Amino acid sequence: MAATGNAEETQLQEMEEEAGMEREMDSDEEEGMGIENSDDEEDDSSEDDKENEAEIQRLEEQLSINAFDYNCHVDLIKLLRQEGELPPLRKARQKMSELFPLTEEIWLDWLKDEIRLTEEEQNREKVYELFEMAVKDYICPEIWLEYAQYSIGGMGLPGGMEKVRSIFERALTAVGLHMTKGVTLWEAYREFENVILATVQPPPGIVPTCEQQELLNAQLERIHTLFRRQLAIPLMDMEGTYAEYEEWSDQGVSDTVSQKYKRALQQMEKSKPYEETLMAAEPPKLAEYQTYIDYEQKEGDPARIQIIFERALAENCLVPDMWAKYTKYLDRQLKIKDLVLSSHDRAVRNCPWTMGLWKNYLLALERHGADHHTISDVFEKALNAGFIQATDYVNIWEAYLDYLRRRVDFSKESSRELEELRAAFTRSLDYMKQDVEERFSESGDPSCTIMQVWAKIEALHCKNIQKARELWDSIMTKGNAKFANMWLEYYNLERSYGDALHCRKALHRAVQCTSDYPEHVCEVLLTFERVEGSLEDWDAAVQKTETRLNRVNEQRAKSLSQVAEKEAHLVRQEEQKTEQRRRAKADKKNQKKGQKGSRPGEKRKAEDEDNENEWGEESEQPPKRHRGEGNQGSFRGGGAEEYMETESGLFGRRAPPCRRQEAPGAKRGQQMAPATVRKTQEDNPEQRKDDCSVFISNLAFSMEDPEKRLKELFEPCGPVQSVRPVYAAKGFRGYCYIQFEGKTSVPEALKMDRREVDGRPMFVSPCVDKNKNPDFKVFKYNTNLEKHKIFISGLPFSCTKEQLEELCKDQGTIKDIRLVTNRSGKSKGLAYVEFEHEAQASQAVLKLDGTVLQEHTLSVAISNPPRRNAADKPDLSRPMGAMMPRAMVYGSRGKGRTQLSLIPRSLHRQTGSESKAENGTAPKPTGGASGDAGFEAQAKPMSNSDFAKMLLRK
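Residues numbered from 1 in each chain as written. Predicted model: local features only at pLDDT ≥ 70, side-chain atom pairs only at ≥ 80, totals over all residues. Heavy atoms only, no water.

Here we look at the overall build of the protein chain
No. 1: In terms of regular secondary structure, the protein chain is built from 35 helices and 11 strands.
No. 2: Residue burial in the protein chain is summarised as follows: out of 954 residues, 41% are buried.
No. 3: Taking all contacts inside the protein chain whose residues are at least 6 apart in sequence as the whole, residues at least 24 apart take part in 65%.
No. 4: For the protein chain, the exposed surface amounts to about 52,700 Å²; the carbon and sulfur share of it is 50%. (Helix = DSSP H or I, 4+ residues; strand = E, 2+ residues; numbered from the N terminus. Buried < 20%, exposed > 50% of the residue type's maximum accessible area, 1.4 Å probe, protein only. Contact = heavy atoms within 4.5 Å. Areas by Shrake-Rupley, 256 points an atom, 1.4 Å probe, with all protein chains shown as cover.)

So, in structure tokens, the structure goes:
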């Protein structure tokens, strides 16, 4: 053993001498480079030192403001290590290790620095303490191997050999089952024992004494045992270990060892595909690890389940769901106190923002009999963890109050535990009011669940119904008096622990204050009086309920009247806008007729085209997307869950004329016959199936042969029965209907929504017959907080998905990136990025908000779409489609709402209340309330002579 230690020292000395020679050679070379270079280097180094000192000072100031900035800790340690300042570096590492578990790389750097600087034997214990801290954070084979190798250097000390073996055994227990890296520790352990064997083995030709023989046999048995233990475990390269054992053992391999080896080899072959998948996958490999964990849980070996969980967490330490699954498994299956509590502690240190992990930690501490002081300390740390929702603080307080309640012995009238429970309830209410409401602008506990529990405890366990009533009075003053369920909770409390007088009083107050379900509260009051009340009580209850219900009905009628009046006002506004657009269109149409009227041969043709354009272009506009189109509409779940619908089946209210675009030089009469036949076939309702069809819009008008092109595009979704493009006199209208042979093709087709076709995003929506499904809503505008998704604004319009992915990939696993575009596919400078987990999205907000990208400052927040205004919501009380055509509501496609009038002033007429001829037409009077007001018949056009007379009069 001494010889081994001397050899190691000699080797270290040789390495140091070589390093010293290299440094001398480098210094000689530097001296030969001349004075100018040395001066330049000194200037550069001094500037670098100043920059590093300024950066170090900035990082330290930032950490004094926010000690939980993980990246700031890492940057500070990196700079201090470059500067070579040991005391500040050691202090920075210790401060970070108190707040966070350190990664394998940080620990190895720290350990190597301390080993290099700690050469005295009396300081070895400090390094051992540092190793003990390192192996608790994560399961890392490299750290255990470094620990074992460092301990070998001290085996010459008293008890040194036993310490080395103890560390090796702990390492095998922790990571010996690691299928790819565990074999390194087994080999290192056997190599150490082989070195010991060489020291106790006598030289050849010398007969050992009995004592030496016993030591030799014991050492040989240790090595045999290590081989047998290793061969019974499924590890990579098992065949090489078995061959080595056959060569090493003089007695050969026993049948028992061979059988265990074969079973382990079979198990290794089963697990090998999962290991190969992990090796081929890119970090963090969360899905691959989850598949591996599911496989091991089916196999049911607790040790192997634990090691695969630990391996997954080493690469996914910031994934709360993985920690929750691991701690749940330990709580329910292994139930080993030290292992369970250490895992819970590591979970909350890695993901301190996750309330569920803290709550499970408190339960685990109570389950394993931790002292009250420890549980209270953990709870205080949880309050300072920085949860992202107000409700998280309510839940953690509830968990702690439940624990305190279970400590109380209610058989005693008064006890220290009961006073502590009441004090905790009081503190929780103050905390919610002062800290939580100030931070989140909401209490997080609108129903006052903490006060409800306190009131029930006072009434049930403490028999203090008066305190319970005071608490319920406070609950009602916090905006809960209008809810029937709150009054019924109070009534049930009085019913169970109070008296009839207070029950009646509570119900009378409920009848007076309830606004959501007053009928139900009135019924409960009457039922109560039937059972317990006198005639006077009954009469009073009947009078009170009748008065209250009459008032409620009056208020409802008044509210309905106001709503109807508001809707009528909106309808009138829409009608006025429609009339203005109709008149502007009539002006333009008459101007066009006046220009073409000089050519006698083309007059009839122009009129025909105008009529077709009127019915095709105005009444058959493609269904417009509501708020969110090209913006939030392209992000399912990130603003608007939208598809498009038609107003009445596949073709809306009126079937579009299915005419093909005329080829250049083709005669009009030659196209009419086949177009008419096609229209008759396609408009047959028996042949159309809405549930097998989709609606396509936002296509380019210039698309050549849309029917063939779209059929080829959608055939991968399933067999296409028909493609029905919509044409007008000017050609393809940019939308069509596709009917498949089966319903199963529709979901596949909907997945093609927003695919780019000819430089434009193609909109794919389901076809819904609103006559058969009047309550169907397509635009499901999501207003819930989406914790796993972030919303980015302020992006450069040239930003691509690849650039966004590069920007966000360091924050976690990205599931989807969607750029917000307009109808032409151009970016609006907005985007949604969906992460695998909530914690990753929260981290992305902290890291990316305020980031500068291509001279644009980004604004990043958790996706929280605003609630839709009433004006934006589709109103089912009035059929807008029946009142006015879609074109009149939304305007013609491709035509601006503000256009200059090119009609001579002499043709203009002032509008009045009476019907007058305008732009060559005399509109017929319309019935104001008619459902077809938007489709009134046009007056007979004026002839050329009429125009001439009108101009002569001018």
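Let us keep going from here.
Overview of the pattern of salt bridges
No. 1: Per the counting criterion, the structure on display carries 41 salt bridges.
No. 2: Among the salt bridges present, the one from K751 reaches E748, with a minimum N-O distance of 3.3 Å.
No. 3: Where salt bridges share partners, they join R81, R93, D109, D113 and R116 into one cluster. (Salt bridge = Lys/Arg side-chain N within 4 Å of Asp/Glu carboxyl O.)

Looking at the pairing of strand β2 (residues 720-728)
No. 1: Taken across its nine residues, β2 has seven buried, putting it largely inside the fold.
No. 2: As defined by bridge partners, β2 adjoins strand β3 (residues 731-740) across seven bridges and the pair is classed as antiparallel. Note that in β3 the partner of P725 across the bridge is C736.
No. 3: Adjacent in sequence and paired antiparallel, β2 and β3 are bridged by two residues. (Pairing = 2+ DSSP bridges.)

With respect to the packing of helix α14 (residues 302-315) against helix α15 (residues 320-334)
No. 1: The interhelical angle for the contact between α14 and α15, taken along N-to-C directions, is 160 degrees, at an axis separation of 10 Å. By the angle between their directions, the pair α14 and α15 is classed as roughly antiparallel. Note on packing geometry: the crossing formed by α14 with α15 is left-handed. For the pair α14 and α15, contact is made by P302, I305, Q306, F309, E310, A312 and L313 and by M322, W323, K325, Y326, Y329 and L334, respectively. (Axes fitted to C-alpha atoms, helices over the stretch in contact; angles between N-to-C directions. Parallel < 35°, antiparallel > 145°, perpendicular 65-115°, else oblique. Left-handed = near helix turned anticlockwise from the far one by under 90°.)

Some points on the pairing of strand β6 (residues 786-793)
No. 1: In the sheet, β6 pairs with strand β11 (residues 859-863) via five bridges, with the strands oriented antiparallel. Bridged to I790 within β11 is I862.
No. 2: Pairing of β6 with strand β8 (residues 827-835), which is carried by five bridges, proceeds in the antiparallel orientation. Each residue of the ladder has a partner; that of I792, found in β8, is A831.

Side note on the sheet that holds strand β5 (residues 760-766)
No. 1: Across the sheet, five strands lie side by side as β2-β3-β1-β5-β4; this open sheet has antiparallel pairing. The open sheet has two edge strands, β2 and β4 (755-757), and neither has a second partner. The mean angle between the axes of side-by-side strands here comes to 30 degrees, regardless of whether they run parallel or antiparallel.
No. 2: One ladder, built from three bridges, connects β4 with β5; its direction is antiparallel. Looking at β5, one finds that R755 is bridged to M762.
No. 3: Against the sheet, helix α29 (residues 706-714) contacts β1 (693-697), β2, β3, β4 and β5, and its axis sits at roughly 140 degrees relative to β2.

Focus on the side chain of E310
No. 1: As for its position among the elements, E310 is in helix α14.
No. 2: Owing to a relative accessible area of 3%, E310 belongs among the buried residues under this scheme.
No. 3: Apart from the residues within four sequence positions on either side, E310 is in contact with I139, Y326 and R346.

Thoughts on empty space enclosed by the protein
No. 1: On inspection of all chains with the given rule, the structure shows two cavities of 30 Å³ or more.
No. 2: Counting residues per element, the ones that place at least two in the lining of the second largest cavity are α13 (286-299) and α14.
No. 3: By residue number, the principal contributor to the lining of the second largest cavity is α14, which donates four residues.
No. 4: A per-class count over the lining of the second largest cavity returns five nonpolar, no polar and four charged. (1 Å grid on protein atoms, 1.4 Å probe; cavity = no way out; pocket = protein on both sides within 12 Å on 5 of 7 lines; lining within 4 Å. Points joined across faces, edges and corners; volume = space filled by probe spheres on them. Nonpolar A, V, L, I, M, F, W, Y, C, P; charged D, E, K, R; others polar.)

Points about the nonpolar core
No. 1: I143, F192, I396, W397 and L421 are the most contacted members of the largest nonpolar core, which totals 159 residues.
No. 2: The greatest single-element share of this core, amounting to 10 residues, is contributed by helix α19 (residues 390-407).
No. 3: Apart from the residues within four sequence positions on either side, F192 is in contact with I152, M155, M161, V164, R165 and F168.
No. 4: Counting residues in each nonpolar core, the second largest holds 21 residues, with Y727, F732, L750 and M762 among its members. (Core = buried A, V, L, I, M, F, W, Y, C linked by side-chain atoms within 4.5 Å.)

Structural notes on the sheet that holds β11
No. 1: Spatially, the four strands line up as an open sheet ordered β7-β8-β6-β11, and their pairing is antiparallel. Two strands in the sheet have a free side with no partner beyond their single neighbour: β7 (814-821) and β11. Neighbouring strand axes in the sheet, compared pairwise and without regard to direction, differ in orientation by 20 degrees on average.
No. 2: Contacts from helix α31 (residues 801-808) reach β6, β7 and β8, with the element oriented near 135 degrees to β7.

Structural notes on unusual backbone geometry
No. 1: Note that the residue after P283, namely P284, is joined by a cis bond; omega there is 5 degrees.
No. 2: The topology assignment puts P284 in the loop between α12 (255-280) and α13.
No. 3: One non-glycine residue with positive phi stands out, namely K335, at about 55 degrees.
No. 4: Assignment of secondary structure puts K335 in the loop between α15 and α16 (337-350).
No. 5: By relative accessible area, which is 53% here, K335 ends up exposed.
No. 6: Even without being glycine, D705 reaches a positive phi, approximately 45 degrees.
No. 7: In this fold, D705 is placed in the loop between β1 and α29.
No. 8: D705 sits in the partly exposed class, given a relative accessible area of 40%.

Some points on helix α8 (residues 160-175)
No. 1: When the terminal C-alpha atoms of α8 are compared, their 22 Å separation across 16 residues agrees well with the 22 Å that a helix rising 1.5 Å per residue should span.
No. 2: Considered for burial, the residues of α8 that qualify are G160, M161, V164, R165, I167, F168, A171, L172 and V175. Projected down its long axis, α8 shows its buried positions confined to an angular sector of 160 degrees, all on one face. Exposed residues pointing more than 90 degrees away from the buried face of α8 are listed as E162 and T173.
No. 3: On its buried face, α8 sits against α7 (141-152), α9 (182-200), α10 (210-231) and α14. (Expected span 1.5 Å × (residues − 1). Arc of directions from axis to C-beta.)

Concerning the packing of aromatic side chains
No. 1: The full count for this structure, using the stated rule, is 32 aromatic pairs.
No. 2: Relative to Y261, the ring of Y242 lies with its centre 4.3 Å away and its plane at 15 degrees, an arrangement referred to as stacked. In this pair, Y242 sits in helix α11 (residues 238-248) while Y261 sits in helix α12, placing the two residues 19 residues apart along the sequence.
No. 3: For Y242, a relative accessible area of 16% corresponds to the buried category.
No. 4: Residue classification places Y261 among the buried positions, given a relative accessible area of 8%.
No. 5: Connected via pairs of aromatic rings, a cluster forms that spans F379, F387, Y393, W397, Y400, Y403, Y431 and F440.
No. 6: A cation over a ring is seen here: K163 above Y128, with NZ or CZ 4.4 Å from the ring centre. (Phe/Tyr/Trp six-rings, centres within 6.5 Å; stacked < 30°, edge-to-face > 60°. Lys NZ or Arg CZ within 6 Å of the ring centre and 35° of its normal.)

Comments concerning α29
No. 1: What α29 keeps buried is the set P706, E707, L710 and F714. The arc that holds the buried residues of α29, viewed along the axis, is 95 degrees, so those residues lie on one side.

Some thoughts on a negative patch on the surface
No. 1: On the surface, a cluster of negative charge is made up of E47, D48, D49, E51, E53 and E85.
No. 2: By the element assignment, E53 lies in helix α2 (residues 35-65). (Patch = residues over 30% accessible without salt bridge, like charges linked within 9 Å, V, L, I, M, F, W, Y side chains within 5 Å. Lys, Arg positive; Asp, Glu negative; His and termini not counted. Charge placed at Lys NZ, Arg CZ, Asp CG, Glu CD.)

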